[in-house]
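Below, each chain spelled out in residue letters.
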4 protein chains.
Amino acid sequence: MVTPLADSGRLDAAGTARLVEHVLAGGVHGLFLLGTTGEAPDLPYAVRHELVRRVCAQVAGRVPVLVGVTDTMYDESLRLAETAAASGAAAVVAAPPYYFAPGQPELVEYYARLADNLPLPLFLYNMPSQVKVSIAVPTVVELARHANIAGLKDSSGNIGYFNACRYALRDRPDFAILMGPEEAMGEVVLMGASGGVPGGANIFPRLFVDLYEAAVAKDVDRVRALQERVMHVASLLYGVGHHNSSFVKGVKCALSLMGICGDALAGPREPFNAADRALIRARLVELGALSNEKGGAPPRYGA
Amino acid sequence: MVTPLADSGRLDAAGTARLVEHVLAGGVHGLFLLGTTGEAPDLPYAVRHELVRRVCAQVAGRVPVLVGVTDTMYDESLRLAETAAASGAAAVVAAPPYYFAPGQPELVEYYARLADNLPLPLFLYNMPSQVKVSIAVPTVVELARHANIAGLKDSSGNIGYFNACRYALRDRPDFAILMGPEEAMGEVVLMGASGGVPGGANIFPRLFVDLYEAAVAKDVDRVRALQERVMHVASLLYGVGHHNSSFVKGVKCALSLMGICGDALAGPREPFNAADRALIRARLVELGALSNEKGGAPPRYGA
Amino acid sequence: MVTPLADSGRLDAAGTARLVEHVLAGGVHGLFLLGTTGEAPDLPYAVRHELVRRVCAQVAGRVPVLVGVTDTMYDESLRLAETAAASGAAAVVAAPPYYFAPGQPELVEYYARLADNLPLPLFLYNMPSQVKVSIAVPTVVELARHANIAGLKDSSGNIGYFNACRYALRDRPDFAILMGPEEAMGEVVLMGASGGVPGGANIFPRLFVDLYEAAVAKDVDRVRALQERVMHVASLLYGVGHHNSSFVKGVKCALSLMGICGDALAGPREPFNAADRALIRARLVELGALSNEKGGAPPRYGA
Amino acid sequence: MVTPLADSGRLDAAGTARLVEHVLAGGVHGLFLLGTTGEAPDLPYAVRHELVRRVCAQVAGRVPVLVGVTDTMYDESLRLAETAAASGAAAVVAAPPYYFAPGQPELVEYYARLADNLPLPLFLYNMPSQVKVSIAVPTVVELARHANIAGLKDSSGNIGYFNACRYALRDRPDFAILMGPEEAMGEVVLMGASGGVPGGANIFPRLFVDLYEAAVAKDVDRVRALQERVMHVASLLYGVGHHNSSFVKGVKCALSLMGICGDALAGPREPFNAADRALIRARLVELGALSNEKGGAPPRYGA
């Protein structure tokens, strides 16, 4: 889930409520707050804690909520996890600390100590492009033995790594292995993976739920068709603008055009300018997510 | 296909013939010579040309033969392609030049000029871990318009890249997109990709043919089981030894133990020592590819 | 300056006072707090603010104090800069945000906005190994025009980059360009650079002051001898242990053995174990910084 | 030295002779053929061998000639070294094989075996940007013990690495350590390093000889002034065009405009177009290396 913001330093509470309902209406099986798409590392702590409390209250147990607690400051990870636990979240998720890149033995120590002290189960979050270090397969295997470590979200996009983790933990059906990039969600669930954490589900939640269900049902033709639809969305909405920020800017701009929440970004970053915004609007119309006249309910992913 | 060597600088002609028959007996749909697993950049040109001539003669049209012509020297790529054409090969394959990393416009120029002058259709070969540069999706799309560029072999392992290429060329069923890493072959063929180029097929060709056929038949359960078998083989045979070379050393050592060809490596590299060799032997026994007593025909991948 | 800690989450106030006096007694021309060696990104904010207040009070204007405000959270950078200004610091220093790697135009925007809003002059901090992005030379040149941007600390170790920045700003003697790695401090000051920010000055401040002064005096022989002494210290103290953390662990362990401050580290990291500590002790004796019997004042860098 | 080419696949023999005389007239202490600036990996072997023979004959013992034999094919390295020895070259230079990145123990084995079999002393060539692996300091130290390994050319630009090598081998004045990037030549020779291998010396050999001599004479002011001149040349000539190739294209274009040799490039690469060429011309005029009217002898680096 993206983090709806009123401005760069304040939560958009009403937008958050609308986004939660929009996504739950699409049938998702859980929510992941404060990941990379959630801009977590750039958000003030007050915003992070408020987001966790508001979303958990809004969800009210309808689906499990996972909360990203990735931080360079160990105590802040624990503090956010306390809020998550007190608010009724189901688990927390942590990428490695992202300034000093730890060695693999340091990663084992870090995660073991974190898991020892957390009030909720922990998911490992592999995100080498941002944190500079990959959680190596043997490290994942060793940490999977910890009673309070429940799974792995892999956002490396490295399919050999993902499948090696799945193979190494093939006797641990209780250990969830989730695919980050939505471009590969269908095929890995078809192969037996636990699920995915697609950022595009902020906009089109039903599309990804349908894809997941088709994959669980081993309906290959439907998986192919829906995954192609996912690629179509990605090709239209995520490549506007430049730099690493084009994905989150694209998603927030689309949600803003759909009337769900504003497009403010954390930190000093600016939302899309008028030209980029017009491009996203045109593409949402093409996707059937906006009618040509402003207003009008978005039909089910453009059917 | 690995390149069987008598010693670091001479082809093992008898071993080459045995390997070709072993792999064809497994039912493979084609052969790829002189790729990364074939140690091409470290092989003397005389060996490369002899390999192409011998394999094409041995295959005698039973399956198409693809020949890697990746080189830093443009003229040598053309010369090897001439030998490939004269020998009856079906196509050539080229990764970007691997000393000076070209920019994307330079890649377009390089491949277009190469394709203009080649006597055979060209496959692009994406191999960023070795050549430092990825053939960007728009570059692939632009080059796919060239009449003499027939497909892409992607060995990046980056599943977002692979699927983005497939999506971008979804209206070009004639443009083959092949998965390099065998760890991901099953799922991408299940999703409609053209096929794979699995190095492990040197040892267990039938396993990969069965996997391919199960994927084409959309038999999800069988794909899952066979892909798990592939991961099992990989976990036992490719991680012995150290460094980048453990994969090719493992494959050559296994083939040597199976009586197919020797384990000499190109350049100054040494094959596995006795301890590593004993480990590979034990694991081949575990895989059912060797009987416990030396000798005895390998059963069909350990059934 | 390292950050002396009582334990992973609390400042060692007495140790901080001793370290400040130790370093000032060595004659340094300024202090840099909360850089990479200061473990800033892993420190609780309360510790960062307390450190700034205590050090500025202790220094009491004897030398300028520079304060690292690098953060992923824009508002926290400003807040820490407010504390720095209120405490009498001379300037602040900021590396790029270190989770989402900005593009160069985004870096220009980020730094310009930060500099607009800071109560103190800003030094750019180039640290690509940790933050994944380098502040490109043209970006430095453009930002150097901002009235509130005063200099650059370059910790890339890339001498071509460092010298290109110096050349591009050769007409701006007011724009300070400081070398991070102590292994190169002597030579760049000899060539006219403004100075260095050597982490080893925590232990041997006089050594680096002497080196700086010899370089300013263009005393080539003395620069060579002192720089060799710096390399000798580095070879003995910074390579114990493993991983990226060996430098800061080595410095803190040495300071602890010298009776200056404890060796606790930020976050969940552990100080050196007994064996590594014994090794550092033996090497400090070899360097003349510890007498063989525990106790005894360290002689001037081992003369 | 660049490799003058008549076209992408043939040596420009007359241009080669002129370039040798131009560079020797500048007073250089040696020549390095077939390095990165020499485009070696992209050159046909016939051209490489011919270049070595012609240059050695032309030099006729006036200065030592070093010959790059970097290759992925071990036997070709030996063959080129034979030609070098037979032609009277003084030493050969080899970067690590550049397709399969070796581990450090593999590097030790590779270089030791190469040095055992070479007819000439060997210089190690550290060039991680092209070959993906750095020759680690302990590897250099170990290899420096080999009787036939005579030195190191470091083109990493990493000043901490360079100085760590120098420190580790401070008791081996016979082991030459040469700086690749010309942006740092002056300062390291001032500090006692053996010398540099500046690509810009193709155009302005005297400038670099003067810089070297000023550094050996410990004339700091003169080193500063000449190094600034080097940076000025670099800023004007090496940044035209795009991609990694802008350096070699700039140097060859300048030599062509100065009437020394043509600007053809190895492989399928194109020289600068008319616009880029005009820019280089204007800058050579600015540098005083060309008179405004075409023709006229270039004055001593623009004095």
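Coordinates for the structure precede this section.
Calculation rules
Residues numbered from 1 in each chain as written. Chains lettered and ligands numbered in written order. Predicted model: local features only at pLDDT ≥ 70, side-chain atom pairs only at ≥ 80, totals over all residues. Heavy atoms only, no water. Helix = DSSP H or I, 4+ residues; strand = E, 2+ residues; numbered from the N terminus. Rg over C-alpha atoms; globule rule 2.2 N^0.38 Å. Buried < 20%, exposed > 50% of the residue type's maximum accessible area, 1.4 Å probe, protein only. Contact = heavy atoms within 4.5 Å. Areas by Shrake-Rupley, 256 points an atom, 1.4 Å probe, with all protein chains shown as cover. Lys, Arg positive; Asp, Glu negative; His and termini not counted. Charge placed at Lys NZ, Arg CZ, Asp CG, Glu CD. Pairing = 2+ DSSP bridges. Least-squares fit on C-alpha atoms with pLDDT ≥ 70 in both. Buried area = accessible area lost by both parts, 1.4 Å probe. Salt bridge = Lys/Arg side-chain N within 4 Å of Asp/Glu carboxyl O. Polar contact = N/O pair within 3.5 Å; in protein donor to acceptor, adjacent residues only side chain to side chain. Nonpolar A, V, L, I, M, F, W, Y, C, P; charged D, E, K, R; others polar. Right-handed = clockwise from strand over helix to strand, strands pointing away. Expected span 1.5 Å × (residues − 1). Phe/Tyr/Trp six-rings, centres within 6.5 Å; stacked < 30°, edge-to-face > 60°. Lys NZ or Arg CZ within 6 Å of the ring centre and 35° of its normal.

**Student:** So what exactly am I meant to see when it comes to the overall build of chain A here?
**Tutor:** Counting its secondary structure elements, chain A contains twelve helices and nine strands. The C-alpha radius of gyration computed for chain A amounts to 19 Å, which stays within 12% of the reference 19 Å derived for 303 residues, consistent with globular compactness. If you line up chain A on its principal axes, its C-alpha atoms span 55 × 45 × 35 Å. Going through the 303 residues of chain A one by one, you find that 62% of them count as buried. Counted over contacts in chain A with a minimum sequence separation of 6, partners at least 24 positions apart contribute 70%. Counting only carbon and sulfur atoms, one obtains 53% of the accessible surface of chain A, whose full area is about 10300 Å². In chain A, 27 positive and 30 negative side-chain charges are present, and the distance between their average locations comes to 3 Å.

**Student:** Would you mind showing me how to read the sheet that holds strand β6 (residues 122-126) of chain A here?
**Tutor:** Strand pairing in a sheet is mediated by backbone hydrogen bonds. Such pairs are either parallel or antiparallel. Residue and element names in this part refer to chain A. Across the sheet, which stays open at both edges, the seven strands sit in the order β3-β4-β5-β6-β7-β8-β9 with parallel pairing between neighbours. With partners counted over all chains shown, the strands left at the sheet margins are β3 (31-33) and β9 (195-196), one partner each. Relative to strand β4 (residues 65-68), β3 runs parallel, the two sharing three bridges. Residue pairing across strands places F32 opposite L66, the latter belonging to β4.

**Student:** It is not clear to me how the relation of the copies chain D and chain B should be interpreted in this structure. Could you clarify?
**Tutor:** Each of the two chain copies goes to the other by way of a rotation about an axis and a shift along it. Note on the identical chains: chain D maps onto chain B by a rotation of 180° and an axial translation of 0.0 Å, with an RMSD of 0.0 Å. Viewed as a symmetry operation, the transformation between the two copies matches a two-fold axis. A symmetric contact is evident, with 100% of the interface residues of chain D recurring at the interface of chain B.

**Student:** Sorry, what's going on with the environment of B:M258 here?
**Tutor:** Residue and element names in this part refer to chain B. Summarising the element assignment, M258 is placed in the loop between α11 (246-257) and α12 (274-286). We classify M258 as buried; its relative accessible area is 15%. Here the alpha-carbon distance between M258 and G61, two residues 197 residues apart in the chain, equals 26 Å.

**Student:** Just checking my understanding: could you explain the interface of chain D and chain B for this structure?
**Tutor:** When the parts come together, some accessible area is lost, and that loss is often what is quoted as the size of the interface. At the interface, 37 residues of chain D touch 37 residues of chain B. Taken together, the two surfaces of chain D and chain B that pack against each other cover about 3300 Å², and 59% of this comes from carbon and sulfur. Among the residues chain D hides against chain B, the three largest losses belong to D:Y99, D:F100 and D:P268. Together they make up 24% of the total. Across the salt bridge formed by B:R113 and D:E270, the nearest N and O atoms sit 2.9 Å from each other. Where chain D packs against chain B, one counts ten residue pairs in polar contact (both at pLDDT 80 or more). Top element by residues in the side of chain D that touches chain B is helix α4 (residues 104-117) of chain D. It accounts for five residues. Residue classes in the side of chain D that touches chain B are distributed as 16 nonpolar, ten polar and eleven charged.

**Student:** Help me understand the pattern of salt bridges in this model?
**Tutor:** When their charged atoms lie close together, side chains carrying opposite charge are able to pair. A complete count under the given rule lists 60 salt bridges over all chains for this structure. With a shortest N-O distance of 3.0 Å, A:D7 and A:R10 are connected by a salt bridge. Taking relative accessible area as the criterion, A:D7 reaches 31% and is therefore assigned partly exposed. Of the charged contacts in the structure, one is a salt bridge between B:R206 and B:D210, with a shortest N-O distance of 3.9 Å. Taken together, the positions of B:R206 and B:D210, both in helix α9 (residues 205-216) and four residues apart, correspond to about one turn of that helix. For B:D210, a relative accessible area of 5% translates into the label buried. Members of the salt-bridge network, linked through shared partners, are A:E39, A:K252 and A:R269.

**Student:** When you look at the pairing of strand β5 (residues 91-94) of chain A in this model, what are you seeing that I'm missing?
**Tutor:** Residues in a regular strand point their side chains to alternate faces of the sheet. Residues and elements named next belong to chain A. Of the two faces of β5, the one carrying A91 and V93 and the one carrying V92 and A94 are both buried. Where β4 meets β5, three bridges bridge the pair, whose relative direction is parallel. Within β5, the position partnered with G68 by the bridge is V93. In the classification by handedness, the crossover that spans β4, the intervening helix α3 (residues 74-87) and the parallel β5 is right-handed. Where β5 meets β6, three bridges bridge the pair, whose relative direction is parallel. Counted as the bridge partner of V93 is F123 from β6.

**Student:** Please explain unusual backbone geometry as it appears in this structure.
**Tutor:** Note: most peptide bonds trans; most residues except glycine with negative phi. Even without being glycine, C:K218 reaches a positive phi, approximately 60°. Here the phi dihedral of D:K132 falls at roughly 80°; this positive angle occurs in a residue that is not glycine. Examined against the element boundaries, D:K132 turns out to sit in the loop between α5 (128-131) and α6 (137-143).

**Student:** Help me out: how do you make sense of the interface of chain A and chain C in this one?
**Tutor:** Across the contact, 37 residues belong to chain A and 37 residues belong to chain C. A combined buried area of about 3300 Å² lies between chain A and chain C, and 59% of that area is made up of carbon and sulfur atoms. On the chain A side of the contact with chain C, A:Y99, A:F100 and A:P268 bury the most area, a combined 25% of that side's loss. Counting every contact that joins chain A to chain C gives four salt bridges. There are ten residue pairs in polar contact (both at pLDDT 80 or more) connecting chain A and chain C. For the side of chain A that touches chain C, the secondary-structure elements that each account for two or more residues are α2 (45-59), α3, α4 (104-117) and α5 (128-131) of chain A. By residue number, the principal contributor to the side of chain A that touches chain C is α4(A), which donates five residues. When its residues are assigned to classes, the side of chain A that touches chain C shows 16 nonpolar, ten polar and eleven charged.

**Student:** Hey, could you run me through α11(B) in this one?
**Tutor:** Taking 1.5 Å of rise per residue, the twelve residues of α11(B) would be expected to cover 16 Å, and the 16 Å separating its terminal C-alpha atoms lies within 8% of that figure. Burial of α11(B) is extensive: eleven of the twelve residues sit out of reach of the surface. Taken residue by residue, α11(B) has B:S246, B:V248, B:K249, B:G250, B:V251, B:K252, B:C253, B:A254, B:L255, B:S256 and B:L257 as its buried positions. Where α11(B) is buried, its residues meet β1 (5-7), α1 (13-25), α10 (220-237) and α12 of chain B together with α4 of chain D. Downstream of α11(B) by one or two residues, B:G259 has phi in the positive range, about 80°.

**Student:** When you look at the environment of A:L290 in this model, what are you seeing that I'm missing?
**Tutor:** Residue and element names in this part refer to chain A. As for its position among the elements, L290 is in the segment after α12 (274-286). With 33 residues separating them in the primary sequence, L290 and L257 have C-alpha atoms 8.1 Å apart. Setting aside anything within four residues of it in sequence, one finds L290 in contact with L257, M258, R281, L284 and V285.

**Student:** Just checking my understanding: could you explain the packing of aromatic side chains for this structure?
**Tutor:** The relation between two aromatic rings is expressed through the spacing of the ring centres and the mutual angle of the planes. Here the structure, examined in full by the defined rule, presents 28 aromatic pairs over all chains. Ring centres of B:Y99 and B:F100 lie 5.0 Å apart, and the angle between their planes is 80°; this geometry places the pair in the edge-to-face category. The residues B:Y99 and B:F100 share a single accessibility class, namely buried. Just above the ring of D:F100 sits the side chain of B:R269; from NZ or CZ to the centre is 4.9 Å.

**Student:** Honestly, the arrangement of the chains in this entry has me stumped. Any pointers?
**Tutor:** If you take every C-alpha in chain B and every C-alpha in chain C, the smallest gap between them is 17 Å, and the two do not touch. Between chain A and chain D there is no contact, and the shortest C-alpha to C-alpha separation is 17 Å.

All quantities given are derived from atomic positions and should not be read as evidence of function.
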